[in-house]
Amino acid sequence: MAIQTPFYYYDIELLEATLQSLTDAVPSSNFKVHYAIKANAEDRILKTIRKYGLGADCVSGNEITKALSCGFEANEIVLAGVGKSDAELHTAISNGIHSINCESIEELVVINEIAEQNNRVANISFRINPNVDAKTHHKITTGLSENKFGIPISEVSRAIAEIRKMPFLSLSGIHFHIGSQILSMDPFIKLCNQVNTLLDEIEAEGINLEHINVGGGLGIDYLTPDENPIPDFEKYFAVFHEHLNVRENQTVHFELGRSVVAQCGSLISKVLYVKKGATKNFAIIDAGMTELIRPALYDSYHEIENITADAALGQDNYSVVGPICESSDVFGELEMPITKRGDILQIKSAGAYGQVLSSNYNLRDSALAYYSDENDLKSYIGQTKESALA
Ligand SMILES: *Cc1c(COP(=O)(O)O)cnc(C)c1O
């Protein structure tokens, strides 16, 4: 049976090595790591992650349902989101998840009502906007006052006063998430300092929180993925171990997405045409922004390798572009071995915010996923040869 390009290829061995490195790096038994499902929600990926004991971080009702179906326990699931629908809140509350991260006082009122309808007390964390600059791309910054996320620090006292009046809510924690693809530890240190101040203030109100959730955001090496396939989890967790004034009996929760799954995934695509333009060569491939939108959406860099080229032919410069009718449908400009129709390109570091963000724009088919523990990449590529374009 022929395999169609483009397709996603996941290196399950690398995913497992990443998860092993992550779990080995956790410095304290009161640290609990959740996987942010929105980064990649393939069943195979979720079940592998679950084997390593991570909880789940969800941002929709359907993600909660997916997490439960892949073996995550309800009491290890947290829900965030600036606009949770009533139906999503029902899903969260009726399943008794660990915590709903509430992003506004308006939302508290609604959660209280829905909890009452379910005759349950819902555990609430306040998602707080700490106004910390994550120093990342502005479209993936979430912890600045100008962003839509969270309750401003100045409103926390009012939120506490409100929640005290709500019998179906129990305030159990505080939650933060300042952004994504964060490579410097400085923003995380600043976050710790903000959390420490706030913890003192909340304690002064007579409230003892059970958990502090510092969100996710640890970045990966998109520039040289083969040299750094696994992020430095040890350095990351050490920041929180060192800088956060955790009280006895408090747990610290993390919500890592990208750093867990980004490097294990590649988008594999076939070259359809090589066109000599007036100023450059275009390698037109059969994957587009419909399969991987990150370059078009955030100007993201992905390493691209022609894995079937004949190196003896020499090199040339190419603009690697997709077939979609949008000028932003460009994967990158790079020097590659002389490239021709039928060559296979590997677009690397595509395991996070890749397949999950794909669309059927132009009524294109959905790319399928293949896994390294069933066949290696070479063998999958061999099977594409049986398709019309050899
Ligand atoms: C997206 C998201 C995450 C994961 O972010 P990464 O950068 O992929 O680690 C964690 N928490 C929340 C609330 C999110 O929205």
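Just so you know, the residues in each chain are numbered from 1, in the order the chain's sequence is written. For a predicted model such as this one, the threshold for reporting local features is a pLDDT of at least 70, and the threshold for listing and counting side-chain atom pairs is 80 or more; totals across whole chains, interfaces and linings nevertheless cover every residue. Hydrogens and water are ignored here; the side-chain numbers use all heavy atoms of the structure.

On to the overall build of the chain, then. Helix and strand assignments come from DSSP, with helices taken as H or I runs of at least 4 residues and strands as E runs of at least 2, each series counted from the N terminus. On a plain count of helices and strands, the chain comes out with 11 helices and 17 strands. All radius of gyration figures rest on C-alpha atoms, and the globule criterion is 2.2 Å times the number of residues raised to 0.38. Over its C-alpha atoms the chain spans a radius of gyration of 23 Å, differing by no more than 12% from the 21 Å that the globule rule assigns to 390 residues. Seen through its C-alpha atoms, the chain measures out along the principal axes to roughly 70 × 40 × 40 Å. The contacts in the chain between residues at least 6 apart in sequence include a share of 73% that link residues at least 24 apart. We call two residues in contact whenever any of their non-hydrogen atoms come within 4.5 Å of each other.

Over the atoms rolls a probe the size of a water molecule, and its path tells where empty space is left. Grid points spaced at 1 Å and placed over the protein atoms alone form the basis of the search, with a cavity being a set where a 1.4 Å probe fits but cannot get out and a pocket an open set showing protein on both sides within 12 Å along at least five of seven lines. Lining residues have an atom within 4 Å of a point. Grid points are joined across faces, edges and corners, and a volume is the space filled by probe spheres set on the points. Tallying each qualifying case throughout the model produces one cavity of 30 Å³ or more. Roughly 40 Å³ of internal volume is contained in the largest cavity. For this scheme, ten residues count as nonpolar: Ala, Val, Leu, Ile, Met, Phe, Trp, Tyr, Cys and Pro. Four count as charged, namely Asp, Glu, Lys and Arg, and the remainder, Gly too, count as polar. Tallied by class, the residues present in the lining of the largest cavity amount to two nonpolar, five polar and two charged.

A few words now on the side chain of N147. For N147, the location among the structural elements is in the loop between β6 (122-129) and β7 (151-152). Residues within four places of N147 in sequence aside, it is in contact with N129, T141 and T142.

Where side chains of opposite charge bring their charged atoms close, a pairing between them can arise. For salt bridges, the criterion is a side-chain nitrogen of Lys or Arg within 4 Å of an Asp or Glu carboxyl oxygen. Scanning the model with the defined rule gives 19 salt bridges in all. The salt bridge partner of E162 is K165, with a shortest N-O separation of 3.3 Å. One salt bridge connects E333 with K280, and the closest N-O pair in it is separated by 3.4 Å. One end of the pair, E333, is in strand β15 (residues 330-337); the other, K280, is in the loop between β11 (265-276) and β12 (281-285), with 53 residues separating them in the sequence. Take E333: its relative accessible area is 49%, and that puts it in the partly exposed class. For the exposure calls, accessible area comes from a 1.4 Å probe over protein chains only, and a residue counts as buried if that area is under 20% of its type's maximum, exposed if over 50%, partly exposed in between.

For this purpose, a residue is taken to be near a molecule or strand whenever a single non-hydrogen atom of the residue falls within 4 Å of it. The ligand sits among 15 residues. The nearest are K38, S180, E255, R258 and Y353. K38 has a polar side-chain atom sitting 2.7 Å from an oxygen atom of the ligand. Each polar contact in these results corresponds to two N or O atoms within 3.5 Å; when the atoms are within protein, one needs to be able to donate a hydrogen and the other to accept it, and residues that are neighboring in sequence are counted only if both atoms are side-chain atoms. At 2.9 Å, a backbone N or O of G217 approaches an oxygen atom of the ligand. Considering the ligand on its own, with 390 Å² of exposed area, one finds that the protein chains cover 95% of that surface. Any molecule with more than half of its atoms within 2 Å of a cavity's or pocket's grid points is regarded as sitting in that cavity or pocket. One can see that the ligand is located within the largest pocket. When grouped by side-chain class, the residues that make up the shell around the ligand number four nonpolar, six polar and five charged. Residue-level accessible areas treat just the shown protein chains as cover; the underlying method is Shrake-Rupley with a 1.4 Å probe.

Another point: the layout of surface pockets. One number sums up the size of the largest pocket: a volume of about 600 Å³. Lining the largest pocket are 31 residues, and of these K38, T142, F149, H177 and Y353 lie nearest its centre. Elements represented by at least two residues in the lining of the largest pocket include exactly β10 (251-256) and α9 (258-261). A per-class count over the lining of the largest pocket returns 12 nonpolar, 11 polar and eight charged. Bear in mind that the domain bounds are from an automatic or database domain assignment. Per-domain counts for the lining of the largest pocket show at least three residues from each of domain 1 (80-256) and domain 2 (263-389). When its volume is computed, the second largest pocket comes out at roughly 350 Å³. Surrounding the second largest pocket, 18 residues form its lining, Y9, D11, S266, Q346 and L377 being those nearest its centre. Broken down by secondary-structure element, the contributors of at least two residues to the lining of the second largest pocket are β11 and α11 (377-384). Per element, the largest residue contribution to the lining of the second largest pocket is three residues, and it comes from α11.

Looking now at the pairing of strand β3 (residues 55-58). Covered by surrounding structure in β3 are G55 and D57 together with A56 and C58, the residues of both alternating faces. For crossovers, right-handed means that the path from the first strand over the helix to the second runs clockwise, given strands pointing away from the viewer. Each parallel crossover has a hand, and the one from strand β2 (residues 31-36) via helix α2 (residues 43-51) to β3 is right-handed. At least two DSSP bridges between two strands are required for those strands to pair. Bridge count for β3 against strand β4 (residues 77-79) is three bridges, and the pairing is parallel. Across the sheet, residue A56 finds its bridge partner in β4, namely I77.

Defined by distance alone, a disulfide is two cysteine sulfur atoms within 2.5 Å. Tallied over the full model, the rule gives zero disulfides. Left without a disulfide partner, C264 is nearest to the cysteine sulfur of C70, which lies 15 Å away. Its relative accessible area of 4% is what places C264 among the buried residues.

Within the secondary structure, N196 sits in helix α7 (residues 186-204). Within the structure, the side chain of N196 is placed 2.8 Å from the backbone oxygen of H243, a separation counted as a polar contact. Ignoring anything within four residues of it in the chain, the contact list for N196 reads H243, L244 and N245.

Time to look at α7. Given 3.6 residues per helical turn, the α-helix brings residues three or four places apart onto the same face. In this model α7 runs 28 Å from its N-terminal to its C-terminal C-alpha over 19 residues, within 8% of the 27 Å that 1.5 Å per residue would give. Buried within α7 we find P187, F188, L191, C192, V195, N196, L198, L199 and I202. Those residues of α7 that are buried are in contact with β6, α6 (156-164), β8 (169-175), β9 (211-213) and α8 (233-243). Taken from the residues just after α7, G206 is the one with a positive phi, measuring 85°. Multiplying one less than the number of residues by 1.5 Å gives the expected span of a helix.

Now for the domain arrangement of the chain. The assigned domain composition of the chain is domain 1 (80-256) and domain 2 (263-389). Facing 13 residues of domain 1, the contacting portion of domain 2 comprises 12 residues. Here D226 makes a salt bridge to K348, at a shortest N to O gap of 2.9 Å. Our count for the contact surface shared by domain 1 and domain 2 stands at five residue pairs in polar contact (both at pLDDT 80 or more).

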